[in-house]
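Chain by chain, the residues:
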Amino acid sequence: DSIIDTLWYGRIIRTIDTGILSDGRFKVYGLIGPQLFLYPLGGYQMDIASLGYAHNLWLDVLYAVGTYGFFPLVAYTLLTFSTLGRMIASKKIDAGIKVLVTSIFIGFILNFSVEPILEGVPYIYFLFCLINGATYQYLIVRQKGITVDNLNHDI
């Protein structure tokens, strides 16, 4: 009974009844494209179906600060996928690590796709950047064959 009384449960049931594509978050996607270069400086001027946020990390940045913030964010996201792809392709990294890191990245990307991250919970994005940097460095260390045993411990 306590679960049925929650707002979350009510929202899930409404979404199932009306269909997921009728959610306002998905309607925003079709509205943003034609306005991409109409408001290049953002400033919350776009029509996003009377929602306060686009509920998508990249579209929220486009809505708030325009193309000057949007394109670097997209570029960073692509670099992140590049790091992840290189890690998955590496023969020097255990499969368990690959599964773990890939799962974490998928979780972040899914969360970024449905919530206003930078204005709502920016720490999630900062953690994503930290994990991406750690993954990149781990990839470099493993490809060079550096281990704790062969580090130079001269202090």
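Refer to the structure presented above.
Structure report, in brief. (Residues numbered from 1 in each chain as written. Predicted model: local features only at pLDDT ≥ 70, side-chain atom pairs only at ≥ 80, totals over all residues. Heavy atoms only, no water.)

## Quick word on the packing of helix H5 (residues 95-112) against helix H7 (residues 122-144)
Defined as follows: Axes here refer to lines fitted to C-alpha atoms; in helices the fit is confined to the stretch in contact. Angles between the N-to-C directions go from 0 to 180 degrees. Only DSSP runs of H or I covering at least 4 residues are called helices, and only runs of E covering at least 2 are called strands; the numbering of each starts at the N terminus. For classification, angles of less than 35 degrees are called roughly parallel, those exceeding 145 degrees roughly antiparallel, those between 65 and 115 degrees roughly perpendicular, and all remaining angles oblique. By convention the crossing between two helices is left-handed if the near helix lies anticlockwise of the far one by an angle smaller than a right angle, and right-handed if it lies clockwise. Only heavy atoms enter the contact rule, under which two residues are in contact if any of them lie within 4.5 Å.
In the contact formed by H5 and H7, the axes pass within 11 Å of each other and the chain directions differ by 150°. Relative to H7, the element H5 lies roughly antiparallel. For H5 against H7, the interelement crossing comes out left-handed. For the pair H5 and H7, contact is made by Ile97, Val101, Ile104, Phe105, Phe108, Ile109, Asn111 and Phe112 and by Ile124, Tyr125, Leu127, Phe128, Ile131, Asn132, Thr135 and Tyr138, respectively.

## Considerations on the packing of aromatic side chains
Our working definition: Whether two aromatic rings pair depends on their centres lying within 6.5 Å, for rings of Phe, Tyr and Trp, where Trp uses its six-membered ring; planes under 30 degrees apart make the pair stacked, over 60 edge-to-face, and the rest tilted. Working definition: with a 1.4 Å probe on protein chains only, accessible area under 20% of the residue-type maximum means buried, over 50% means exposed, and in between means partly exposed.
Counted by the stated rule, this structure contains 12 aromatic pairs. Between the aromatic rings of Phe108 and Phe112, the centroid separation amounts to 5.9 Å while the plane-to-plane angle is 35°, which identifies the pairing as tilted. With Phe108 and Phe112 both in helix H5, this residue pair falls 4 residues apart, about one helical turn. Across the pair, exposure class does not vary: Phe108 and Phe112 are buried alike. Between Tyr123 and Phe126, the ring centres sit 6.2 Å apart and the planes meet at 80°, which makes this aromatic pair edge-to-face. Of this pair, Tyr123 and Phe126 both sit in helix H7, 3 residues apart, which is roughly one turn of that helix.

## Thoughts on the packing of helix H3 (residues 57-65) against helix H4 (residues 67-89)
Note the following rule: Under this grouping Gly is polar, as are all residues other than the nonpolar Ala, Val, Leu, Ile, Met, Phe, Trp, Tyr, Cys and Pro and the charged Asp, Glu, Lys and Arg.
For the pair H3 and H4, interaxial distance at closest approach is 7 Å and the crossing angle is 160°. In terms of orientation, H3 and H4 fall into the roughly antiparallel class. Pair H3 / H4 crosses with right-handed handedness. Between H3 and H4, the residues in contact are Leu57, Trp58, Val61, Leu62 and Val65 and Thr67, Tyr68, Gly69, Phe70, Leu73, Val74 and Thr77, respectively. Within the contact of H3 with H4, the residues separate by chemical class into 9 nonpolar, 3 polar and no charged.

## Here we look at the nonpolar core
Which entries qualify depends on this criterion: For this analysis, a nonpolar core means a set of buried residues of the types Ala, Val, Leu, Ile, Met, Phe, Trp, Tyr and Cys, connected via side-chain atoms within 4.5 Å.
In this structure, Ile32, Leu57, Trp58, Phe112, Tyr125 and Phe128 are the most contacted members of the largest nonpolar core, which totals 26 residues. Leaving out residues up to four positions away in the same chain, Leu57 has contacts with Leu73, Phe112, Glu115, Ile117, Leu118 and Tyr125.

## Quick word on the side chain of Gln35
As for its placement among the helices and strands, Gln35 is situated in helix H2 (residues 24-35). If we skip the residues at most four places from it in the chain, Gln35 touches Met46 and Asp47.

## Notes on the side chain of Asp60
Threshold: Identification of polar contacts relies on pairs of N or O atoms within 3.5 Å, with a donor-acceptor requirement for protein atoms, meaning one able to donate a hydrogen and the other able to accept it, and with residues adjacent in sequence counted only if both atoms are side-chain atoms.
Looking at where Asp60 falls in the secondary structure, it is placed in helix H3. For Asp60, a relative accessible area of 8% corresponds to the buried category. A distance of 3.4 Å separates a polar atom in the side chain of Asp60 from the backbone nitrogen of His55. Asp60 has contacts with Tyr53, Ala54, His55, Glu115 and Pro116, leaving out every residue within four places of it along the chain.

## Details of helix H1 (residues 7-18)
Condition: Take the number of residues in a helix, subtract one, and multiply by 1.5 Å to get its expected span.
Relative to the 16 Å expected for 12 residues at 1.5 Å per residue, H1 spans 16 Å between its end C-alpha atoms, a close match to the ideal helical length. Across the 12 residues that make up H1, only a small minority, 0, are buried. Looking at the residues trailing H1, positive phi occurs at Gly19, about 95°.

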